[in-house]
Amino acid sequence: MSRFWKIALIVVAVLVVGAVGLRLMHKPGAAGRSQAGASSGQSGAPGEGKGKDEPVPVTVEPVAVQNVPVYLTALGTVQALNTVTVSPQVGGLLMRLNFTEGQEVHKGEVLAEIDPRSLQAAYDQAVARKGQDAAQLSTARSNLARSQDLVKQGYISKQDMDTLRNTVSQYEAAVAADEASINDAKVQLGYTKVIAPITGLAGIRGVDPGNIVTTSSSIVTLTEVHPINVIFPLPEQNVELVRSSQARGEPLEVAALDSAGSKVIAGKGVLKVINNQIDTSTGTFNLKAEFPNDENALFPGQFVNVRLKVNTVQGGLVIPSQAVQRGPDGDYVYLLQPDSTVKMQPVTTGQEVGDTHVMVTQGLKAAEQVVTEGQFRLKPGSKVKALKPGEVPAAPTEAELKKAAQGAKDGGRRGRRG
């Protein structure tokens, strides 16, 4: 192709592109859409403004007044009231065990029996020795009595009389020693029956019948669980609050809750002891509460959440927890105004009241209305329609529906005319 034709083709292509561009710039549809958009924007502004004037339906509840208990919570450990390791006090052959592992045994019950024959023989021997010495004492006393008359007649010297008196005293001492030996043998014989020192749950046995046991053997461990203790720590800043509450003279109530802290598993607990020092390594102090544990809800070694009631606020202000919002400057609520608008009201919250409410210490007054649902559509000064809990907005009437449909139809016609 020659140079002339190349230049001609380039000129034709430029002219075609320019013509297409001019046609697009002056296309009637684009202008119509631009005008329609402007017209729609102008006509939509009043509708938008009208929407903003419509009240926002929200749920409101009044600030309630009630007595609010003040609690301190902690993680505690259940501890048996008493724990006793039962060991025999004499050695010998273990003949039988009279308990079942895990059962509750009562104080005074025979837990185990040790072969008593050797100790029975020692006891019988002590009794026999006493009889022998008692007979000799009787003879010595008779000799002394007969010699009393003979000494007056000069047939017996005073030295012999002293010997007779000393013999009586010697046998009296022997009889007393024999009595002590009998008592000791009786005690040792009684140790062949191992008695439960407390009422409690029997653990796993440490020995089996047929074994030779000594005083260092462990037969079983008993734990007393009625009542039972719970040990729990609190931060040191609560020392004065707990001590002052206890100083009022009324027992402080304690409850044990499950691991989630939502259900009470053991109530009727009473604070018994505040430890006499603070642990400097943890900055906490320990407390001990006692529970009757009638239903065996608590078990030694168990971890529980502890709730200690230290006070009751009379006439506290309470609102639903969901009414409290979090902001950069702290907690706040939307407060309903007399003109059906809302404002942001800063509040200070205190003790939780159950699972759904919270006490407010500053920022609100009794009977004021706070928004509990619908806050996400609000801002300060918003117009609202206050609804009671569980109430829903009324359905639009037929006239309102027709008015809304007519408005939408008129807006569509204006857009088409533009």
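Structure report, in brief. Given the structure is predicted, the values throughout are model-derived calculations rather than measurements.

**Examining the nonpolar core**
Line of reasoning, step 1. In terms of nonpolar packing, the biggest core is built from 25 residues, with Phe232, Leu234, Val242, Phe291, Leu298 and Leu308 touching the most fellow members.
Line of reasoning, step 2. Taken together, the elements giving at least two residues each to this core come down to strand E2 (64-86), strand E9 (220-235), helix H5 (239-247), strand E10 (253-257), strand E11 (264-274), strand E12 (284-291) and strand E13 (303-320).
Line of reasoning, step 3. The dominant element in this core, judged by the number of residues it contributes, is E9, at five residues.
Line of reasoning, step 4. By size, the runner-up hydrophobic cluster in this structure holds 20 residues, among which are Val86, Leu189, Val213 and Leu222.

**Focus: unusual backbone geometry**
Line of reasoning, step 1. Put simply, His226 and Pro227 share a cis peptide bond, and its omega is 0°.
Line of reasoning, step 2. Position of Pro227 among the secondary structure elements: in strand E9.
Line of reasoning, step 3. A positive phi is found at Lys268, a non-glycine position, where the angle reads about 65°.
Line of reasoning, step 4. By secondary structure assignment, the location of Lys268 is in strand E11.
Line of reasoning, step 5. The class for Lys268 is exposed, based on a relative accessible area of 71%.
Line of reasoning, step 6. Positive phi is not limited to glycine here, since Asn293 has a value of about 55°.
Line of reasoning, step 7. For Asn293, the location among the structural elements is in the loop between E12 and E13.
Line of reasoning, step 8. By relative accessible area, which is 7% here, Asn293 ends up buried.

**With respect to the environment of Asn229**
Line of reasoning, step 1. With respect to the secondary-structure elements, Asn229 resides in strand E9.
Line of reasoning, step 2. Taking the relative accessible area as the measure of exposure, Asn229 reaches 3% and is therefore buried.
Line of reasoning, step 3. C-alpha of Asn229 to C-alpha of Glu290: the two residues are 61 residues apart in sequence and 4.5 Å apart in space.
Line of reasoning, step 4. For Asn229, the residues in contact, after removing those within four places along its chain, are Thr77, Val78, Gln79, Ala80, Leu81, Lys288, Ala289 and Glu290.

**Things to note about a nonpolar patch on the surface**
Line of reasoning, step 1. A contiguous nonpolar surface patch, about 280 Å² in accessible area, is contributed by Leu93, Met95 and Ile212.
Line of reasoning, step 2. In this structure, Met95 sits in strand E3 (residues 92-97).
Line of reasoning, step 3. You can call Met95 partly exposed: its relative accessible area is 39%.

About the thresholds
- Residues numbered from 1 in each chain as written.
- Predicted model: local features only at pLDDT ≥ 70, side-chain atom pairs only at ≥ 80, totals over all residues.
- Heavy atoms only, no water.
- Core = buried A, V, L, I, M, F, W, Y, C linked by side-chain atoms within 4.5 Å.
- Buried < 20%, exposed > 50% of the residue type's maximum accessible area, 1.4 Å probe, protein only.
- Helix = DSSP H or I, 4+ residues; strand = E, 2+ residues; numbered from the N terminus.
- Contact = heavy atoms within 4.5 Å.
- Patch = residues over 30% accessible without salt bridge, like charges linked within 9 Å, V, L, I, M, F, W, Y side chains within 5 Å.
- Areas by Shrake-Rupley, 256 points an atom, 1.4 Å probe, with all protein chains shown as cover.
- Salt bridge = Lys/Arg side-chain N within 4 Å of Asp/Glu carboxyl O.

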